[in-house]
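Structural overview
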Amino acid sequence: MLDVIIIGAGPAGNLAALNIAKAGFSVEVYDWRTKIGDKLCTGIIGHSCFKEFPPAENDIYRSSSSANIVSPSGKTYLINHRNPQAYVINRISYVKSFADKAIQLGAIYRLNEKVISIDISDSKVSVISETKAGNHTANCKAVIIATGFGSPLLKMAGLGNGGHKNFLTGCQTTVSTDGLSRPTVFLGSNIGRGSFGWLVPTQNNEALLGLATSRKLNGDMDNLTKLLKSKGYYNKIESPQRKWGIPVKPSTPTYSQRALSIGDAAGLTKPTTGGGIYYSLLSGQLAAKTLIQALNQGDLSSKQLKPYESEWKKILNNEIKLGNIARGIFESLRDSQIDFLISKLMTDDVRKDVLEATGVSFDWHGRIINSAFMHSVFGKYLSLVTPELEEKSADIKSKGPIEVA
Ligand SMILES: Cc1cc2nc3c(=O)[nH]c(=O)nc-3n(C[C@H](O)[C@H](O)[C@H](O)COP(=O)(O)OP(=O)(O)OC[C@H]3O[C@@H](n4cnc5c(N)ncnc54)[C@H](O)[C@@H]3O)c2cc1C
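Residues numbered from 1 in each chain as written. Predicted model: local features only at pLDDT ≥ 70, side-chain atom pairs only at ≥ 80, totals over all residues. Heavy atoms only, no water.

Interhelical geometry of helix α8 (residues 335-345) versus helix α11 (residues 378-385) gives an angle of 175° and a closest axis separation of 10 Å. One way to sum up the angle between α8 and α11 is to call them roughly antiparallel. Of α11, the residues touching α8 (which contributes Gln-337, Phe-340, Leu-341, Lys-344 and Leu-345) are Phe-378, Tyr-381, Leu-382 and Val-385. When grouped by side-chain class, the residues that make up the contact of α8 with α11 number seven nonpolar, one polar and one charged. (Axes fitted to C-alpha atoms, helices over the stretch in contact; angles between N-to-C directions. Helix = DSSP H or I, 4+ residues; strand = E, 2+ residues; numbered from the N terminus. Parallel < 35°, antiparallel > 145°, perpendicular 65-115°, else oblique. Contact = heavy atoms within 4.5 Å. Nonpolar A, V, L, I, M, F, W, Y, C, P; charged D, E, K, R; others polar.)

Have a look at this one:
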């Protein structure tokens, strides 16, 4: 019998496979895709992710120490840091690099195989997948669900899937440009209330144009592409629009007897932007650590696997809660309120204190949210904007200043 089966060869599943194989346990990874890592994504990672899980030099399209924000009324603001805050990477190659290392250590990848059923008993986990030759059954001691957004397998494994009711829809296309110098974020109801759009330069005069929204798309992406075309941001659309879900609330429990969920399957992303590569890697690493201990002790009970959830909560829970409060506030704002707040946020003093301060990180938004609300000047503007904000900002302030992780 195999030690571990991992379902999903994204960043979460591959890093877990790598660490489990490194510890000497047998591991098989299933993915219905034929190309590892080829899932809709912009491929931006922050500096902490870059340091902890460094991409190969060839996989980095560019680093970015600045970004533009375009307000609903069309005014462009520049955020500038001394050092790179984010990196645009070749996501397919980056995600595959973890799988390549896992394979070198003995992990077996079963691509083009969709897992359709999981059955957990006291003595084993049975996993059934669809192959060209018919259904295949494999037995293992424990399973990791790393299937990304929205999978029926979570329920079969006795794991939470509630987070998937709270999600953003991300939609993206590739465009050709005359060369963009930095990522640009677009805000405003002309691309959908509560949505934000982006244009992220990659390589060879190409950029990824996308948007994320918590509502139905309803033509928002078409509006954004038309708007940006009319303003000369890009020349030509180079690929069809694709869309995919991004959970913004954790799906607990993320552990049960012989099973763990990680990454997007566990609902672990930054609710502010929907970025999930870093949290997927962190949770893949933590899950592997807990599972290795459990395998060594020969005890795969849910009690033995619980430390995994306690550990990711210690690192991510506050961030995710703050991120969701900030997202709720953002979604409730009218264009005029967003314009007002951005104009105040971008005044030299506030911008330096909140967005460009030492320790501000693209990976840890809680610190930015917290210092915005605690700021002696900007905090007052935030509380002024709507009466409901008073209560939410009290929530944030009650958490006190956040240390950078
Ligand atoms: C438009 C868009 C842009 C994004 N941009 C960014 C960004 O710039 N930066 C960032 O950090 N995050 C971004 N994200 C989020 C990021 O892509 C995810 O958080 C991340 O990929 C999650 O990794 P994962 O390993 O948990 O799951 P995934 O990467 O989704 O991998 C899950 C894998 O499981 C496989 N699978 C699913 N079900 C089965 C099954 N039954 N059997 C076999 N295989 C199965 C899938 O084929 C897939 O390969 C973006 C998301 C979207 C939608």
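Along its sequence, the protein is carved into domain 1 (2-41 + 91-165 + 248-316), domain 2 (167-246) and domain 3 (321-398). Computed from C-alpha coordinates alone, the two centres of domain 2 and domain 3 are separated by 24 Å. Opposite the nine residues of domain 2 that make contact, domain 3 presents nine residues. Taken over both partners, the interface formed by domain 2 and domain 3 buries close to 700 Å², and the fraction arising from carbon and sulfur atoms is 51%. Taken as a group, Leu-187, Arg-193 and Gly-194 account for 58% of the area that domain 2 buries against domain 3, more than any other trio of residues on that side. At the surface where domain 2 touches domain 3, the tally comes to zero salt bridges. (Domains from an automatic or database assignment. Buried area = accessible area lost by both parts, 1.4 Å probe. Salt bridge = Lys/Arg side-chain N within 4 Å of Asp/Glu carboxyl O.)

With that settled, consider the sheet that holds strand β3 (residues 44-46). Taking strand neighbours across the sheet as the criterion, the three strands line up as β3-β7-β4 in an open arrangement whose pairing is antiparallel. Each edge of the open sheet carries a strand with a single partner, namely β3 and β4 (60-64). This sheet shows a mean twist of 25° between the axes of neighbouring strands, independent of strand direction. Pairing of β4 with strand β7 (residues 86-89), which is carried by four bridges, proceeds in the antiparallel orientation. Within β7, the position partnered with Ser-63 by the bridge is Tyr-87. (Pairing = 2+ DSSP bridges.)

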